[in-house]
Structure formats: C-alpha cells, structure tokens
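Residue-level listing of the chains:
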Amino acid sequence: MSALLSQDPIRPAASGLKGAIHRAFLAALPSVFAVARRVWPIPGLGSFRAVTRHDDVREVFGTDTAFRVPYQPNLNVITGGEPFFLGMDDTPEYRAGVAAMRRVVRADDLPALALRTEEAASNILSHAGGRIDVVDLARRVAFDVVAPYFGVPPPAQGRLDVWATRLFEFQFASSPKDIALRREVDEIAPAFRALIDAEIARRKSGGAGAGDDVLDRCLAQQAAGDPWYTDPQIRTSLLCMVVGGPPQWPMVVPQALEQLLQRPEALEAARSAAQASDDDRLRRIVLEAMRFDPLGPGLPRIARRDWSIAQGTRRQTKVRQGATVFVAFSSAMMDDRRVPEPRRFDTDRGAHEYIHFGYGLHECFGKHINHACLPRLLKPLLRHPNLQRAAGKEGTLTKNGIFAERLVVTF
Amino acid sequence: MLQSTLNVPLEVKPESCSRLSALIEALRQREDTGPFGQPDNFSRVMRDIPTLHFMSMSVFTAAEYDPIFILEANFDGQPGVFWGQLEAAFGPDLREMLRCCKRPLDEDGPLYDAVTASDSRAPLAPYLEARTQRPSVFHHGNRGLTRDRILQEAALFVAVREELDDPGRPGPSPYRGRSATEVHALLRKAMVPAHPWLGMSAPPRISRGERLLDILRLVTFAVLLLLAFSLPAIVVAALMPWKAYVLLLLLVATATGLLIYAKRAPLPGTETSAGPNLTRLILPKVPAILGIVAAYVVVAALVLTPLVSATSHLLAWLGAGNLPATPGDAFWPVARAVLLGLLGLLLVILPGLVLWLRYLERHDSSHDAPHVDERLLREMVRREDWVAQNHMGSIVLIKPGVLRSIIIRAGHLGLGLVLRVVATDGYLGTMRTVHFAHWAFLNNGSRLLFFSNFDHSWDSYLDDFIEKAAGGLTLAWGCGVGFPPTRFLIYDGARHGRRFKNWALASRAVSRFWYSAYPTLTVDQIERNNRIADGLRRPELSEVEARAWISDL
C-alpha cells in the first residue's frame, strides 16, 4: 500500500527482543540520567557525549557558535532541498527567515488559537460517548486547529496527520538505517509539497482561503513586494511548521494527563483551574506535569569545533569537532542543583527551570502556541467531574518509541 | 527551613572599577522603579528570585588592595537553586559585571574565561558558586521564616487590621465587648476564607534535625577546642606525678596571675565606664559549668582512650613499650590526664594566653580619626532611611600575629555556633533589629567583611549594639586594625562609642544595589505577624493563650 494512504500515524512498534530492549531502555532513561547527573554528568564514548546537568544542557543549547543542529540533511529530503531556518546557523538567512515567519505568525493570534483549540476538543468530547483515547483526541485537535491556521488543507487522499507525523519522526527520531521509513518519506514529502503548492496556486488564482490564515498573510506580503516570500519559501515554511508543530501535541498532552492521573492532588488542582477557567494556572499545571514526562529525553547537537563543555569545572569534558552531543533536557529539568525539589509537583516554578521546547537559537518556534493551546486542549476534559482512567491496560499510557500511543479515559 | 547567607567577593580590575559601579547603578535604576517598598518596586526580583530575602552589590575600594566587588545574598533553600534564579533574572548584567573583575589566579581561572569570553553563553552559576565565600559568623533574624511566609503573614496582618477597623461596617464592631477567645474564634472565621493556609499547621521554623545538628556542632567544637588547648597540659600531666604537676601549675598560675593583675588596668585615656561583670555572669552558671566539665572529661577520655590504646599497641609491637594497654585499662588514666589537662588549661595556658593578648593590646594602635570620603559619605546618607530597614557593608584589615589569628578564627567559629544554638527566637539576644548579618574573612584572612540588613538608622543600630552587645561586638571586631583600644578581648573597644562609629563608618562602602523582599517590615513586626498567624492557625485557644495572643492585635 502507498504510504500516502496509510491510516496509522505511528508505525508499528518494533517487536521481539529488539522492541523489548528499546522499550526498556527508554523506560530506564530517567533513572540512568539521575545516576549520570551524580557520578558521570557528561557520559560518552568515542565521538558521542551526553550532557545531563541543567547547566551543561543550557550551555550546549545556548552555544550555537560551537554546536550546530544536525537537521539539515533530513530537512533537505522533506523540503526538496529548500532552505529552512530550523537547519541553519545564526546567519542573516536564519534571522530573515525567523523574522519573516514572525510577521505572519503573530502573538495576537494566540487567544483565538487557544479558543479554537478548546472548542475543537469540546466538540470531539461531546460526540465521544464518555470515553476517549487522549492520544487520538490531541492529534485530531492539533491538526484541526494548526493546519487550518497555517492554511494547509487536508489531502484529497490520505491523512494530513499521518503524513506530518511520519515526516516528524523522520526529522527528529529516526535512524539513518531505517530504510522503510525513508521509503515512506520519499513518497510523502513530495506529495506534501505538491499539496501546498496546489493550495498556493489556488489562492493566487482567486480561490478563497480562510480569510486571514498564515498562507493568506504570506501571499499578501508577496504581493506587497517582500522578496523573502517566494512561492517555494512559503511552501517550505508552511510544510515545516505543520510537520514540526502539531505532531508534538499527541505526544505531550496524553503524557501530561498521565502524570496528572498519577497525582490526585495535582489532578484536582487542574480540575479546579479548568472549572474556574483559570487558564494561566492550568498552563502552569500542565507545564509542570510535562516536566515529569517531556516531549523526548533530549535532542542532538553536533560540535562544529573542538569545545570544552563545563570548562573550568571538575566535570569539564572535551568534545572534538564533529562529535554528537545528546542534550538531555529531560534530565536537566530534574537536576536538583538548579531545580528545587525536582521530584515535587510544584506549579510555582520559575520559567528558567523548564526546558520543554529547547533553549537558545533553535528554541521551538511554536513554543508560545504550545503554551497557549496545550492546556486549553485538556481543559474541556478536565472539566468533566467523572474523568478517570478507563478500566484495564488501555487506561494507562502506552508508548511506541518516543510517541504516546494510547491512553483511554472515561468521563 | 534551610536558609543561606553567603557572599561572592571578586577582585576588580582597577581600570574597570568605575564601569562596574556604573553597571550596578544601572541595574538598581532599572529594578528600583518606584518608591521603595511599593508593590511594583523590584517586582522582577520579587517574581524571578522567590527565595531571596536580602541582596546587595557593593564595590569596596582600599589603599592596600585593588577594589573588590561583593555580592551579598540571604535566601531560603540551597545555594545552587538561588544561583540559577539569580542568573535567570540578571544573567546578562552579571556577565558584564564579571568582565570588570580580575581573572582568578587559582584553578577557577578557566571557569572565569568560559563565562567572560566574548559572546560567551556559558552558565554563570558555576562560577558564582565556585567563588562563593561562606560566612565566618552569621545571624538570621526571624529564623526559619521563609520569604513567602513572611509576606503571607504580613498580608494576613493587614487583613486582620482591616477587619477589626472596618469603617464601612454598619453598627458597632462585632469584636467589641467580646472575650479574647471569642475574638479569636470570630476573627479566625473571618480570615480563613481569604487565607486558606490558616487551616493547615505551620511548618516548624527550626526542625528537630536542624536543632540537633546545631547543638552537636557546638558540642563537637567545644570538646575539640578544649582538647586542642589543653593537649600540652595533658601530655605534661601524663608524664609527671600528679602532686608535682599540681604544684607546678599553682606556681606558674600564681606568677601569671600576678602579671595579669599588674597589667589589668586600662591605659590612660582608654577606659570606658562599663563592661560585662564576668563574676556576675559566671557565678550563676557554676553548676552548669561543672556539668559541662564532667561531660567534657568523659567525652574527651572516650575520644582519647582508643588512640592511647592503639599507640601503646603500636609501641609494644615495635618493641618500644611495655605490655599494650586495653581500652578498659587506659580509660581511667586517660580521664585523669584529661582532667589534669583541663586544670592546666585553666591555671596556666589560658592565663598565659591572656597575658600574651594583654601585651598585644597594650601595644596596639587605634585609628582615632580615620579618613572618611565626603563624597562617599553623602552617597551613603542619600540612600539611607527611606524605609524601616537599612543596609551596611564594611571591610577592615585584620591585625597580624599568631595569637590574633587563632583568637579570631576560633572566636568566630565558636560565636557562629553559639548563635545557631542560642538565637532561635527570631532575635539576636536582646537586639531586635537585625534581619540578616554576617562576617566573613577575605584575602586569605587578612581582611574582615561585615554585612548587615537591619531596622532603623545606621546610628541607632550601632547604638543598640554598643549598648546591649558591646562585648560581643568587641570580641568579633576587635581584631580589626585601628579598632578602638580593647582590654581582655571584651572590655572597652566598642564602648568607645564615637570612636567606634567613626572607625566603622570609615570602613563602609556605598550599597549601590540593595534589595529587601519586605522593606517595610521590622524584625519585631515580622515576629508579631507570626504570632498572630500562629494563633489564627489554631482552631481554639485557651483564655490565657487568647489573652496573650490578643495583645499582639
């Protein structure tokens, strides 16, 4: 079957011994990091290093002059070779790209986006019959809200969420040895680009858009003569935004809810905040819940030159040019040297204690969208007084690699 | 609740001193956005550094050293967390300030390079941690009350006052004519909805573990100190027949006592009117002292017995001694030697040290008219007395010599440990004006730093100290070069009020950046708020308790 017609956003998990080892490894990572932070904060072998402490994670993320992102090769596959700022160094092109997207993805859109998220979640829940898989809920809401915001329509055949999630996996969580995934990506990426190209062409030929979505704004900038907004540039930006953003929601939202379900007091606080429509309080609760099971264990960086991490300290470690450094931001958020009582669920933490969406040059572009929308996605569910886990195994979150797979609740 | 006091002393590049002062001043102007004590003033610090009670940044200049930049901080919890919060709030400002400071010559040099390199993004917290100086003595006023609890209880106090004095309430006050218990019950009912934390029991200000540790530290220090000072006497006592030993002690003690007596008088013009009466201080405590002596002898004997036994075994094995002594055999001889050693300490060693000290005191020079920079004085005065609290920082040179060095180190260590055990009620003895204060040694122990965050004006603060704790002040600060003449370590000294104040004033620096999380609250008011809050936390009070509680309203 063509990858374009796949109905499964997440590919089947590896089975057998390989799958079991992979699952056990991911499950053991928080404990491994806890030990590493104490006894070997910058572990590694050969040209691979991991940083586990809060200070070192911030140093590597923050020092983009010494550590670059490794995204460009895979991005090239997705974008067809068109440049996008996610893969760039801090160059004029990078700054121009970020500035251009900030002109069309505006801070004052956030209240409407958050409201749309809440309404979409409410709507799905009202037809769910008191039982829902939160992973599916988050995925549907994410693509119902974010894709139209950017002006990306669903494909005539196939599913946008499947396409985007597959490309997301390829970009952020794949192995070069995964030939099967690469084969799917080689089908999906051109189709995705063609889908956006067709929409651009349709709009330019007079077809109506949503009125004021990001694509409309890009085309308005183009019409006004801004040279940055070429058709390929617009297509690439929209493609990368939809691939990079919405697939995160079905990962972190169920993970956050799972953490709340494990903590009755925190769940009660979240319910109260949802009932009182105290969105800021709910945002704090959800961010804190995410700290216990964030988007992923970490992100890679490549040393662009020889560098000493934690220079001048006893853990100072030299990395050679070209070395891969795994930046364990999940570990950083549990480092009691900088995060007070990290095992305590504390909704009054300082913003600097969270590194959910990266830090520095390549901090997630959609961070503010996530902050505004993720709590609102959970809000309608939390408002139900009878929210609880479904009976049996499906009432506990299961994962497939770094992806949340299933968490069924009743309400 | 763990609370921390520390400072980070950093030597400044002389050519960057003005720039550093300007950077600190700019930071103050940015954060100090309104009338001191108003809600929006220092609001970013309040929000981003929620553990912080007091913080200051000062640059001290001196003729003998290059300028020194000192960041003083008093906060709740662990230092690592605080440094992270401070960096999140002021990272770029602090990095610029660090660039004005010298590169350390020790192993922290590479860390300095990492954080100050052009375009560096290395975290600053590790460097600040590495350069942190622990205080030699510190006092925490309102001990055990976190910043948030102080603010919470202050808000409760305001609410209580508004409830009691509500002018908009029709008819007579419901509190009028009620008994104390009824007022308590009514007020609690009125306060709980807006202050739900009143429904929970208060966390202990000083946990049992912390208290036990404080006492254990003091006892350990006392035993080790006595043991160390009496060790020469213990050795002599072990080698001599006890009668001969006691006779020798008496002879030496008589000679030393006569010499001390001869030198006891103050030098002409240096006597002050009053001083602590040691006899009156010590006499009532004789039974306790005897108990402590007995405990010391037992503990010291227990510590030394295994050492003696092990040594005798070693000597026997080497063929240099008689039969090895078992710990059981060695205990009583060791205990006797410890007791005789203590006697030697009291009759010979201590008097000998006092005589030596008295010799030094009689040859000390005091700085009666220290130079005070008028411009700096004006700056200091301009920043003081805006709110109930003030801040001072001072650095003095320490007098040289082995004895002074031992006295000041052992004295500070002991004083600090005693304060932890004694000052547990929120106050520093009878002084009710000190929030957070500390001393620390700088420059390899050649300078002594003092910081204090206190209530009322600088003048009245020092007057309070001179009046109520001149002995302690003289003990702690008397080692400073130029300090007014002292006698037997605790007499005179700070009691030369005017001279002491001049000396202290000359050692001060402008507190260019000073932050208080609750600038309008005095130590007394914080304790009062705490008593009111503790009363309201309890669902019921007896009539006697309620009467005591209501007096705070």
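Residues numbered from 1 in each chain as written. Chains lettered and ligands numbered in written order. Predicted model: local features only at pLDDT ≥ 70, side-chain atom pairs only at ≥ 80, totals over all residues. Heavy atoms only, no water.

A. View of the environment of P539(B). Residues and elements named next belong to chain B. Note that P539 resides in the loop between helix 17 (523-537) and helix 18 (543-550). For P539 and R499, which are 40 residues apart along the polypeptide, the C-alpha to C-alpha distance reads 54 Å. Setting aside residues up to four positions removed in sequence, P539 forms contacts with H184 and R188. (Helix = DSSP H or I, 4+ residues; strand = E, 2+ residues; numbered from the N terminus. Contact = heavy atoms within 4.5 Å.)

B. Local environment of the environment of I398(B). All names here are of chain B. Positionally, I398 belongs in the loop between strand 5 (389-397) and helix 14 (402-422). Residue classification places I398 among the buried residues on the basis of a relative accessible area of 11%. Sequence separation between I398 and F454 is 56 residues, and the spatial gap between their C-alpha atoms is 24 Å. With residues up to four places along the chain from it excluded, the contact list for I398 reads I408, F441, G445, S446, R447, L448, C479 and V481. (Buried < 20%, exposed > 50% of the residue type's maximum accessible area, 1.4 Å probe, protein only.)

C. Structural context of the packing of aromatic side chains. Within this structure, the stated rule accounts for 32 aromatic pairs over all chains. Plain terms: the ring middles of F483(B) and W503(B) are 4.9 Å apart, the flat faces sit at 90° to each other, and that makes the pair edge-to-face. With F483(B) in the loop between helix 15 (458-477) and strand 8 (486-487) and W503(B) in helix 16 (residues 497-506), this pair connects stretches of sequence that are 20 residues apart. Owing to a relative accessible area of 1%, F483(B) belongs among the buried residues under this scheme. Three or more aromatic residues joined by ring pairs form one cluster here, namely W439(B), F450(B), W477(B), F483(B), F500(B) and W503(B). Positioned over the ring face of F292(A) is R263(A), at 4.0 Å from the centre of the ring. Seen from the ring of Y65(B), R447(B) lies directly overhead, with NZ or CZ sitting 4.1 Å from the centre. (Phe/Tyr/Trp six-rings, centres within 6.5 Å; stacked < 30°, edge-to-face > 60°. Lys NZ or Arg CZ within 6 Å of the ring centre and 35° of its normal.)

D. Structural view of the interface of chain B and chain A. Counting residues at the interface gives 18 residues for chain B, matched by 17 residues for chain A. Our count for the contact surface shared by chain B and chain A stands at three salt bridges. We note a salt bridge from E87(B) to R58(A), for which the minimum N-O separation is 3.2 Å. The interface formed by chain B and chain A includes seven residue pairs in polar contact (both at pLDDT 80 or more). Where the side of chain B that touches chain A is concerned, the elements lending two or more residues are helix 3 (79-99), helix 4 (109-116) and helix 5 (125-130) of chain B. Of the residues forming the side of chain B that touches chain A, the biggest block, six residues, is contributed by helix 3 of chain B. Partitioning the side of chain B that touches chain A into residue classes produces nine nonpolar, three polar and six charged. (Salt bridge = Lys/Arg side-chain N within 4 Å of Asp/Glu carboxyl O. Polar contact = N/O pair within 3.5 Å; in protein donor to acceptor, adjacent residues only side chain to side chain. Nonpolar A, V, L, I, M, F, W, Y, C, P; charged D, E, K, R; others polar.)

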